[in-house]
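Residue strings, one per chain:
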Amino acid sequence: MFTKGHTKKWSKKDNSPRNPGCFQAGKPSGRSRSQTSIQIPESASASTSYVRQTLKSSDCKMETTGNICTLRPLDNADLKREENKELHSGMRWIDSQLNISLINTNINKHQVDSPSCPKFIADYYEQKKWGTCWQFTLKCIACGFIGDRMKMYKEIANGKPGPNPGQPNVALASALQDCPIGNTTVQQLLAGIDTPPPCRSSMQRTSSKVAAEMVKLNKTDMAQKLELVKEVNRRRGVPENEINITVDARYNSNTIVSKKKPGQNATQVFALGIETITDRKFIVAAVVQNKMCWRGAWLRGKGFPIECPGHEECTANLYRAAALSEYRAGKRDGKPDRTPEMSGTVCDHRWRWTFS
Ligand SMILES: [Zn+2]
Ligand SMILES: [Zn+2]
């Protein structure tokens, strides 16, 4: 909860210094950084909750009439070493088997390359980030031996030029496809457990590739399942293309307030057509209703008379103020694969589609 002190605005008309306890001229600034003091300024008495921290460092050599606040490192700080330690500490996602192989390989190579060094005292020479994966290079502190850079993850050989994608990166992207969290939350999660998160652009790139593959895979799968259902119809001696389905939908909203019109504050709905001809209940169709279009929103913000859906490269297939409708989803508004035609309706989201 905000106190009065946090929300109070500082105006230029107010001539009194903002923080009189901190920046008084003429005071000696001989305190070292370790002796920091926390002062509660006079202006921040009972009515506010300001806590001002004054950091004064003895290594400030500047000629100045007043005091200045510095956040400089101590004179004897080894910045390079500190930075290295900082970079190489914390949690990492590494393949445990490859980790063993990294240690063994480096010990063997150390024996061959510097036989005079009695003991391999390992430290990280370099850690290279590859999405959520890592490539490690070890060194020997005693003799300065530097090993080869080794990948701490398995790759996916895609036969394309350039480095291969790491298996865990692709696996993560594909796992996120069926997960309510996205790339940004994964970054926060990883940062929360002291693991340097992958950058946003690389995660987005991987997600896009994985999503396209997932669509292809799903279409193939639905087509295969549809053939199984048709086979059952043929054996029963009924028209093979008439398939009873039920429709169930998932919204990007966690407040479903109505049974009749669920998820009206959602912007996306993903409906599945589930056949009821066999007892396997195969998913034979998928429909997406999407109101969101980044490009359309951006263009409208710039003053262009653009409406979604309809413009080029529009991601929406529903007007942004339109209501999501399972009725419409059931009527294959979103044109799922195989473009089934509805030939009759049964109540309560149960439909009969004709698949060609
Ligand atoms: Zn050594
Ligand atoms: Zn659009």
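Located above this text is the structure these notes cover.
Since we're looking at a predicted model, the values are computed, not measured.

Engineer: Explain the coordination of the zinc ion (ligand 2) to me, please; I cannot follow it from the model alone.
Structural biologist: Four donors placed tetrahedrally around a metal ideally meet at 109.5 degrees, and six donors placed octahedrally ideally meet at 90 or 180 degrees. Taken together, the protein donors to the zinc ion (ligand 2) comprise C293 (SG), C308 (SG), H311 (NE2) and C314 (SG), at separations of 1.9 to 2.3 Å. For the zinc ion (ligand 2), the four donor atoms in the first shell make angles of 103 to 114° at the metal, a pattern classed as tetrahedral. Positions of the donor residues of the zinc ion (ligand 2) along the chain correspond to the pattern C-x14-C-x2-H-x2-C.

Engineer: Explain the sheet that holds strand 4 (residues 133–140) here, please?
Structural biologist: With respect to topology, three strands assemble into an open sheet ordered 3-4-5, the strand pairing being antiparallel. The strands lining the two open edges of the sheet, one partner per strand, are strand 3 (122–130) and strand 5 (150–151). Pairing between strand 4 and strand 5: two bridges, direction antiparallel. Within the sheet, the bridge partner assigned to F136 lies in strand 5 and is M150.

Engineer: Any chance you could explain the coordination of the zinc ion (ligand 1) here in plain terms?
Structural biologist: Listed as protein donors to the zinc ion (ligand 1) are H110 (NE2), C117 (SG), C140 (SG) and C143 (SG); their distances from the metal cover 2.0 to 2.3 Å. Around the zinc ion (ligand 1) sit four donor atoms, and with donor-metal-donor angles ranging over 101 to 121° the site reads as tetrahedral. Spacing between the donor residues of the zinc ion (ligand 1) along their common chain follows H-x6-C-x22-C-x2-C. With a gap of 23 residues between them, C117 in the loop between helix 3 (96–113) and strand 3 and C140 in strand 4 connect regions that are remote in the sequence.

Engineer: What am I meant to see in the packing of aromatic side chains here?
Structural biologist: In the structure shown here, the tally under the stated rule is three aromatic pairs. Between the aromatic rings of F120 and F145, the centroid separation amounts to 5.9 Å while the plane-to-plane angle is 80°, which identifies the pairing as edge-to-face. Highlighted residues: F120 in the loop between helix 3 and strand 3 and F145 in the loop between strand 4 and strand 5, separated in sequence by 25 residues. By the burial criterion, F120 is buried, and F145 matches it. Taken together, a centroid distance of 6.3 Å and an interplanar angle of 10° make the contact between W294 and W298 stacked.

Engineer: Please clarify how the pattern of salt bridges should be interpreted in this entry.
Structural biologist: Side chains that differ in sign of charge can pair as their charged atoms come close. Taken as a whole and judged by the stated rule, the model has 13 salt bridges. The partner of D95 in a salt bridge is K154, and the shortest N-O contact between them spans 3.0 Å. Residue D95 is located in the loop between helix 2 (79–88) and helix 3, and its partner K154 is located in the loop between strand 5 and helix 4 (167–176); the two are separated by 59 residues in the primary sequence.

Engineer: Would you mind going over the packing of helix 5 (residues 183–192) against helix 6 (residues 200–236) with me for this structure?
Structural biologist: Think of two packed helices as two axes; the pair is described by the angle between the axes and how far apart they sit. Two elements in contact, helix 5 and helix 6, have axes whose closest approach is 10 Å; the angle formed by their N-to-C orientations is 130°. One way to sum up the angle between helix 5 and helix 6 is to call them oblique. The crossing of helix 5 and helix 6 is right-handed. On helix 6, the residues touching N183, T184, V186 and Q187 of helix 5 are R200, M203, Q204 and S207. Of the residues assigned to the contact of helix 5 with helix 6, the class counts are two nonpolar, five polar and one charged.

Engineer: Honestly, helix 5 in this entry has me stumped. Any pointers?
Structural biologist: Think of an α-helix as turning once every 3.6 residues; residues three or four places apart then point the same way. Of all the positions in helix 5, only N183, V186, Q187 and L190 are classed as buried. Here the buried residues of helix 5 occupy an arc of 105° about the axis, which is enough to place them on one side. Opposite the buried face of helix 5, at more than 90 degrees from it, the exposed residues are Q188, L189 and G192. Looking at the buried side of helix 5, the elements it contacts are helix 4 and helix 6.

Engineer: I tried to follow the nonpolar core on my own but got confused; where do I start?
Structural biologist: Core analysis: the biggest nonpolar cluster contains 18 residues, and V229, I243, Y251, A271, V284 and L324 have the highest contact counts within it. Within the residue set of this core, elements represented by two or more residues are helix 6, strand 6 (242–251), strand 7 (268–275) and strand 8 (283–290).

Engineer: Where do I start with the environment of D123 in this structure?
Structural biologist: In this fold, D123 is placed in strand 3. Distance in space between the C-alpha atoms of D123 and C140 is 6.3 Å, their sequence separation being 17 residues. When neighbours within four sequence positions are excluded, D123 is seen to be in contact with T137, L138, K139 and I141.

Engineer: How should the environment of A122 be read in this particular structure?
Structural biologist: By secondary structure assignment, the location of A122 is in strand 3. Between the alpha carbons of A122 and K139 there is a distance of 5.6 Å; along the sequence they are 17 residues apart. Discounting chain neighbours no more than four positions away, the residues touching A122 are L138, K139 and I141.

So, how was this worked out
Residues numbered from 1 in each chain as written. Chains lettered and ligands numbered in written order. Predicted model: local features only at pLDDT ≥ 70, side-chain atom pairs only at ≥ 80, totals over all residues. Heavy atoms only, no water. Donors = N, O, S within 2.8 Å, 3.2 Å for Na, K, Ca; no water. Tetrahedral: all angles 85-135°; square planar, octahedral: opposite > 155°, others 65-115°. Pairing = 2+ DSSP bridges. Helix = DSSP H or I, 4+ residues; strand = E, 2+ residues; numbered from the N terminus. Phe/Tyr/Trp six-rings, centres within 6.5 Å; stacked < 30°, edge-to-face > 60°. Buried < 20%, exposed > 50% of the residue type's maximum accessible area, 1.4 Å probe, protein only. Salt bridge = Lys/Arg side-chain N within 4 Å of Asp/Glu carboxyl O. Axes fitted to C-alpha atoms, helices over the stretch in contact; angles between N-to-C directions. Parallel < 35°, antiparallel > 145°, perpendicular 65-115°, else oblique. Left-handed = near helix turned anticlockwise from the far one by under 90°. Contact = heavy atoms within 4.5 Å. Nonpolar A, V, L, I, M, F, W, Y, C, P; charged D, E, K, R; others polar. Arc of directions from axis to C-beta. Core = buried A, V, L, I, M, F, W, Y, C linked by side-chain atoms within 4.5 Å.

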